[in-house]
Protein chains: 2
Amino acid sequence: MASPDTRIVDLKKLQLACEECSLHELCLPLELQHEDIEELDRIIHKRRPLHRGDYLFRMGDPFRALFAVRSGSIKTYTNTDEGEEQVTGFHLPGELVGLDAITEGCHPCAARALETTSVCEIPFERLEEISTHIPGLQRQLLRLMSREILTEQDTMIWLGKKSAEARLAALLLRFSDNYRRRHFSPTEFNLSMSRTDIASYLGLAVETVSRLFTRFQHEGLLEVERKHVRLRDLEGLRRIAGVESCLHNHC
Amino acid sequence: MASPDTRIVDLKKLQLACEECSLHELCLPLELQHEDIEELDRIIHKRRPLHRGDYLFRMGDPFRALFAVRSGSIKTYTNTDEGEEQVTGFHLPGELVGLDAITEGCHPCAARALETTSVCEIPFERLEEISTHIPGLQRQLLRLMSREILTEQDTMIWLGKKSAEARLAALLLRFSDNYRRRHFSPTEFNLSMSRTDIASYLGLAVETVSRLFTRFQHEGLLEVERKHVRLRDLEGLRRIAGVESCLHNHC
DNA sequence: GCATTTTATTGATCCGGATCAATAATTCTG
DNA sequence: CAGAATTATTGATCCGGATCAATAAAATGC
């Protein structure tokens, strides 16, 4: 499995990887000792890049590791009762994939690359071992999972209640934020996923998504040319999305 | 805070509590040593009962502990941008409340008792301390959180895609399952929450929920008299809910 | 126990978004 | 590079569920 992968062997590289893939979520805020970082370094592998359509894992695959997206993007999806694909998430650089598989011991959904994508593999058993003697790492893991729960609660709310335009605006803003955090243009980027994927994730029909893009463009909120979007009115989009993520604002 | 609470002092009582409130989720599957159970026992307190409308915690309260529902029921909710209540979950006996607060250090939503409700309080810092030297307890914590994530993904899917009747049917079946697991009648029980709460949680209008109950009754799926329901056709409800929780079936 | 307030049911109407249908633009594939 | 298959856009129609409105039934307060 891990044979053609490149090991990240030196500290410098790891920190770079951390910056890129937000493994910093896992280690930076802890201010770990050098020897601890080296220990983490020993278990974390950089996988060779996935290409568009490649599986990171399939539904039902045994759960062995978490994955941190370094670059590119991943979609996770499951199948509905009627056998169609139901997208459960888009995972951008800095986000973890696989947190939902810990309980079951196998992946409840499949993960595929939406474009050329590089990920770090974090073998879970090893991570657990290490976390027993690195104070704070365990806590950090729990934090990460808690944050995931919070995010999903948020998503639940807008899927239940928000209008189609609010959902799409919120998604675009999420992408925008991710790019900003990584010091890329928060207003101009490519959508790596198809309209169908977006529709599935947002619980809408493809036609609706397509119409929304057209409408947003007419209203001067953005320019869209196939996969490429340029957000022209972030404030307007925020208004449409509804102040959003209300869960986070009250702490 | 804990002054009027009753400590669970003996093993027998703890095991009873575990049975009741599914702290067995936390400890039983681990087959802990007696001294470990005693250590858990030392930190877990049984709170004195909450009454209808009492807060378990308010939005923004500092996060100190997880709570396991022993009997009764709890609703958690946040506020929408427009200031209305948005129910984020119903928590029945055997379920944990507070998993979404670990990251932030404070509660992103409020929790109130829907009826007379008894909970166990599990101080989180202490739990973390203990879990560092009880192998398996930490793992169990991660499992629990992962399961929560899975459940919410499931919920996301039906909020996005399923019809109003499917949502209500699914909710009723979830209640039914909880009662069955606790050896109560899975077909006859009281809904502790208002129609408004149900509607909010399911992302529907109150009127729709009300109409659905009436329709289900006409179709012979259930009998409903105010808060009391008697499910008459579980199979039919399952069909309506859609095979459901497709996420869990593929492992 | 009566008045007030909250919660639930039922009816009538309206609209957002799904569905059906046709076409256009892209991207595979040989 | 041509033909086939997939993906995206646009239009027309329909329907599930929201909204508005009125009443009924419970819960709550005095």
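Structure: above.
Here the structure is a predicted model, which is why all the values come from computation and not from measurement.

Turning next to the pairing of strand β6 (residues 85-91) of chain B. Residues and elements named next belong to chain B. Of all seven residues in β6, six are buried; the element is thus mostly enclosed. Two elements, strand β5 (residues 74-79) and β6, share six bridges in a ladder whose sense is antiparallel. Opposite Ile74, over in β6, you have His91 as the bridge partner.

Here we come to the protein's contact with DNA strand D. Around DNA strand D there are 18 residues in total, and Arg195, Arg211 and Thr214 of chain A together with Ala164 and Thr208 of chain B lie nearest to it. What you see for DNA strand D is that sugar and phosphate hold 64% of its atoms within 4 Å of the protein. In the environment of DNA strand D, a phosphate oxygen lies 2.7 Å from a nitrogen or oxygen atom belonging to the side chain of Arg195 of chain A. Contacts to DNA strand D include Arg211 of chain A, whose side-chain N or O atom sits 2.8 Å from a base nitrogen. With four residues, the top contributor of residues to the surface near DNA strand D is helix α7 (residues 206-218) of chain A. By residue class, the composition of the surface near DNA strand D is three nonpolar, seven polar and eight charged.

Strand order in the open sheet formed by four strands is β3-β8-β5-β6 (chain A), and the pairing between neighbours is antiparallel. Both edges of this open sheet fall to β3 (55-57) and β6 (85-91) of chain A, since each of them pairs with a single strand only. Across the sheet, the mean angle from the axis of one strand to that of its neighbour is 30°, orientation sign disregarded. The strands touched by helix α4 (residues 137-161) of chain B are β5 (74-79) and β6 of chain A; relative to β6 of chain A, the strand with the most contacts, the crossing angle is about 120°.

With respect to the helices, strands and loops of the structure, Ser200 of chain A is situated in helix α6 (residues 195-202). Residues within four places of Ser200 of chain A in sequence aside, it is in contact with Glu85, Gln86 and Val87 of chain A together with Lys161 of chain B.

Not every one of the 18 residues close to DNA strand C is listed here, only the nearest: Ala164 and Thr208 of chain A together with Arg195, Arg211 and Thr214 of chain B. Put simply, 65% of the atoms of DNA strand C that lie within 4 Å of the protein are in sugar or phosphate. Between Arg211 of chain A and DNA strand C, the recorded distance is 3.0 Å, taken from a side-chain N or O atom to a base oxygen. Between DNA strand C and Arg195 of chain B, the relevant distance is 2.7 Å, taken from a phosphate oxygen to a side-chain nitrogen or oxygen of the residue. Listing elements by their share of the surface near DNA strand C, those giving two or more residues are α7 of chain A together with α6 (195-202) and α7 (206-218) of chain B. Taken together, the residues that form the surface near DNA strand C break down as three nonpolar, seven polar and eight charged.

Criteria and thresholds
Residue numbers run consecutively from 1 along every chain, following the written order of its sequence. To label them, take the chains in the order written and letter them from A, then take the ligands in the order written and number them from 1. Reporting of local features is limited, given that this is a predicted model, to residues whose pLDDT is at least 70; pairs of side-chain atoms are given and counted only at 80 or more, and all residues count toward the totals for whole chains, interfaces and linings. Side-chain measures here rest on the full set of heavy atoms in the structure, leaving out hydrogens and waters. With a 1.4 Å probe rolled over the protein chains alone, any residue whose accessible area is under 20% of its type maximum counts as buried; one over 50% counts as exposed, and the rest are partly exposed. Each helix is a run of DSSP H or I of at least 4 residues and each strand a run of E of at least 2, with the numbering of both proceeding from the N terminus. Whether two strands pair comes down to DSSP finding at least two bridges between them. Definition of nearness: a residue and a molecule or strand are near each other if at least one heavy atom of the residue lies within 4 Å of the molecule or strand. Any N or O atom pair separated by 3.5 Å or less is treated as a polar contact, with the protein-specific requirement of one donor-capable and one acceptor-capable atom, and with residues adjacent in sequence counted only for side-chain atom pairs. Residue classes follow a fixed rule: Ala, Val, Leu, Ile, Met, Phe, Trp, Tyr, Cys and Pro count as nonpolar, while Asp, Glu, Lys and Arg count as charged, and any other residue, Gly among them, counts as polar. To get an axis, a line is fitted to the C-alpha atoms, and for a helix only the part in contact is used. The angle between two axes follows their N-to-C directions and goes from 0 to 180 degrees. Pairs of residues are marked as contacts when any of their non-hydrogen atoms sit within 4.5 Å.

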